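# Remarks on the overall topology
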Amino acid sequence: ALVGFKSPDSGTLGRASSDSGTMFQDLNDDYYPGDVGFDPLSLKPEDPEEFAELHTKELQNGRLAMLGVAGMIVQELVNGKEIFVNLGLAEDRFDAASQAMLPVQF
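In this text, all values refer to a predicted model and were calculated from it rather than measured experimentally. (Residues numbered from 1 in each chain as written. Predicted model: local features only at pLDDT ≥ 70, side-chain atom pairs only at ≥ 80, totals over all residues. Heavy atoms only, no water.)

## Digging into the overall build of the protein
For clarity, the threshold we go by: Here a strand is any run of E in DSSP of at least two residues, a helix any run of H or I of at least four, and the numbering for each starts at the N terminus. Each residue is assigned to one of three classes by its accessible area relative to the maximum for its type, calculated with a 1.4 Å probe on protein chains only: buried under 20%, partly exposed between the two thresholds, exposed over 50%. In this description, contact between two residues means that some pair of their heavy atoms is separated by no more than 4.5 Å. Here, Shrake-Rupley sampling with a 1.4 Å probe gives the accessible areas, and only protein chains in the shown set may cover a residue.
Looking only at helices and strands, one finds two helices and zero strands in the protein. For the protein, buried positions account for 11% of its 106 residues. Residue pairs at least 24 apart in sequence account for 15% of intrachain contacts in the protein once pairs closer than 6 positions are excluded. Accessible area for the protein stands at about 8700 Å²; split by element, carbon and sulfur atoms hold 59% of it.

Shown next as structure tokens:
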């Protein structure tokens, strides 16, 4: 995997700041956040503009998925039934006395 930061020089190693040399916080010039060099199917676009657009789409998709999962968890906490019970795909096996009032079965 690619490393996004430059390794510290021997003169700056262990110091919090320096006017000369490479510090831990310095990023490589060719580093792009999220691009760790793993693309076995060669799906990454070569054009930087197209890559930025695909990167944004993936971030938006992840955020939408997190909102969806949060909605399902809130629904379970509000009505005390598991999501599959609400959908009619499972029977209600929840026992509030043994689960300390959480609708999650372990």
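So much for the structure itself; the text now carries on.
## Section: the packing of aromatic side chains
What counts is decided by this rule: Here is the rule: rings of Phe, Tyr and Trp (six-membered ring for Trp) pair when centre to centre is within 6.5 Å. Planes less than 30 degrees apart are stacked, more than 60 are edge-to-face, and the remainder are tilted. In this scheme, Lys NZ or Arg CZ marks a charge over a ring once it lies within 6 Å of the ring centre and within 35 degrees of the ring normal.
The final tally for this structure, using the stated rule, is zero aromatic pairs. Positioned above the aromatic ring of Phe51, the side-chain terminus of Lys44 is 5.2 Å from the ring centre.

## Observations regarding a nonpolar patch on the surface
Rule in force here: Patch construction takes residues with relative accessible area above 30% that form no salt bridge. Like charges are linked within 9 Å, and nonpolar side chains (Val, Leu, Ile, Met, Phe, Trp, Tyr) are linked within 5 Å. Salt bridges are defined as contacts in which a side-chain nitrogen from Lys or Arg sits within 4 Å of a carboxyl oxygen from Asp or Glu.
Taken together, the side chains of Val69, Met72, Ile73 and Leu77 make up a nonpolar region of the molecular surface, amounting to roughly 350 Å² of accessible area. Mapping Val69 onto the fold places it in helix α1 (residues 48-79). By relative accessible area, Val69 is classed as partly exposed at 43%.

## Overview of the pattern of salt bridges
Summed over the entire model, instances satisfying the criterion amount to one salt bridge. Between Lys57 and Glu53 there is a salt bridge, with the nearest N and O atoms lying 3.4 Å from each other. A residue pair is termed a helical-turn pair when its members lie 3 or 4 positions apart in one helix, as Lys57 and Glu53 do in helix α1 at four residues.

## Let's talk about α1
Formally: By this rule the span expected of a helix is its residue count minus one, scaled by 1.5 Å.
Along its 32 residues, α1 runs 47 Å from first to last C-alpha, staying within 8% of the 46 Å computed at 1.5 Å per residue. Two residues or fewer past α1, Gly80 is found with a positive phi of approximately 75°.

## Some remarks on the side chain of Glu76
Test applied: We call two N or O atoms a polar contact when they sit within 3.5 Å, provided that within protein one can donate a hydrogen and the other can accept it, with sequence-adjacent residues counted only if both atoms are side-chain atoms.
The residue Glu76 is located in helix α1 in this model. Within the local environment of Glu76, its side chain forms a polar contact with the backbone nitrogen of Ile83, the two atoms lying 2.9 Å apart.

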